[in-house]
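Here's the letter readout for the chains.
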Amino acid sequence: MATAISRQEDPYIVIDGVSWESYDQILAALGEHHLRHCYDRGTLEMRSLLYGVTWGEYEAFLRALPEHYLRHTFDRGCLEMMAPSREHEWIKRFIGRLIEAMALELDIPIQSAGSTTQRRRESDRGLQPDESYYVASEPLVSRKRKLDLRRAPPPDLAIEVDVTYSTLSRMEVYASLRIPEVWRYDGRQVTFNKLATRRKYQSIQHSVAFPFLTPADILRAVDQLDQKDENTLVREFVRWAKRASAKYKSESTSTKTETPAITKRSNKKSS
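Residues numbered from 1 in each chain as written. Predicted model: local features only at pLDDT ≥ 70, side-chain atom pairs only at ≥ 80, totals over all residues. Heavy atoms only, no water.

K.L.:
What exactly am I supposed to notice about the pattern of salt bridges here?
P.N.:
A pair can form between side chains of opposite charge whenever their charged atoms are brought close. Per the stated rule, a full pass over the model turns up 17 salt bridges. Of the charged contacts, one joins Asp40 and Arg41 as a salt bridge, the two residues approaching to 2.7 Å between their closest N and O atoms. Given the relative accessible area of 38%, Asp40 is considered partly exposed. Across the pair Arg184 and Asp162 runs a salt bridge whose closest N-O atoms are separated by 2.7 Å. Placement of the pair is Arg184 in strand β13 (residues 181-185) and Asp162 in the loop between β12 (157-161) and α5 (170-176), with a sequence separation of 22 residues. Accessibility expressed as a relative area gives 26% for Arg184, which makes it partly exposed. Owing to a relative accessible area of 22%, Asp162 belongs among the partly exposed residues under this scheme. (Salt bridge = Lys/Arg side-chain N within 4 Å of Asp/Glu carboxyl O. Buried < 20%, exposed > 50% of the residue type's maximum accessible area, 1.4 Å probe, protein only. Helix = DSSP H or I, 4+ residues; strand = E, 2+ residues; numbered from the N terminus.)

Listed below in structure tokens is the structure:
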């Protein structure tokens, strides 16, 4: 697992654990873009933002670092590589733990896609989500160790922890990739975003993937990270989610059973 460090004073990124073979492949993929860099026994320092990168070069770059987690965004020729901070990694994994523990306890089938790079050649865009999950479309990918990402559906839910500066608009890239739902945490608040018409996101008050959840429910857990240990917070969240899910199901069932009766009375009155 490589680590990456960015320097605030200049647009460079440092990646550790890069083999000579991977270094050679990176140069072959991006060497035409004035890739000012330094390589020293497994540590690669290079510019974090490149312009004029073709789709073929982008795919070659991804193949050069298949074993590395390198958060990046590719948007129509612009390639931005980012070094996640400790805060970023902590929060994105914590939110992932909340989702996974809750799904297990409530017996909701999901498949974790993690930070698998999502890309679409038609839109000339791609990125690595912080975390991602198949929920409604889980039956389409279940038990498949390998997926043809060109044909498989995109994950139903992506987690975006945006606590560091990014030059490119990752939400626009998410939309072009047709990710149905994105939970975004910006260091202060959580928003749930649903892909609407014209490939734009609209803020929603309840999750599509997990209808009994609201942004405030996730934020409440995240805000307590400096007060309680993770295991305690995850247990508390799961206990709360069980009650919230039961209440949602009860209210949904009640609404469905009441609707026919209302219709019947209405018809009787009109006759």
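K.L.:
Mind showing me how you'd approach the packing of helix α1 (residues 20-30) against helix α2 (residues 55-64) here?
P.N.:
The relative placement of two packed helices comes down to the angle between their axes together with the axis-to-axis distance. Two elements in contact, α1 and α2, have axes whose closest approach is 8 Å; the angle formed by their N-to-C orientations is 175°. Overall, the two elements α1 and α2 adopt an arrangement that is roughly antiparallel. The residues of α2 that touch α1, namely those facing Ser22, Gln25, Ile26, Ala29 and Leu30, are Glu57, Ala60, Phe61, Arg63 and Ala64. Here the residues of the contact of α1 with α2 are counted per class, giving 6 nonpolar, 2 polar and 2 charged. (Axes fitted to C-alpha atoms, helices over the stretch in contact; angles between N-to-C directions. Parallel < 35°, antiparallel > 145°, perpendicular 65-115°, else oblique. Contact = heavy atoms within 4.5 Å. Nonpolar A, V, L, I, M, F, W, Y, C, P; charged D, E, K, R; others polar.)

K.L.:
Help me understand the side chain of Arg71 in this model?
P.N.:
Take Arg71: it is sitting in the loop between α2 and β6 (72-75). Here Glu160 takes part through its side chain, which lies 3.0 Å from a polar atom of the side chain of Arg71. When sequence neighbours within four positions are dropped, the list of residues in contact with Arg71 reads Glu80, Met81, Met82, Pro84, His88, Gln128, Asp130, Glu160, Val161, Thr164 and Arg170. (Polar contact = N/O pair within 3.5 Å; in protein donor to acceptor, adjacent residues only side chain to side chain.)

By themselves these figures say nothing about function.
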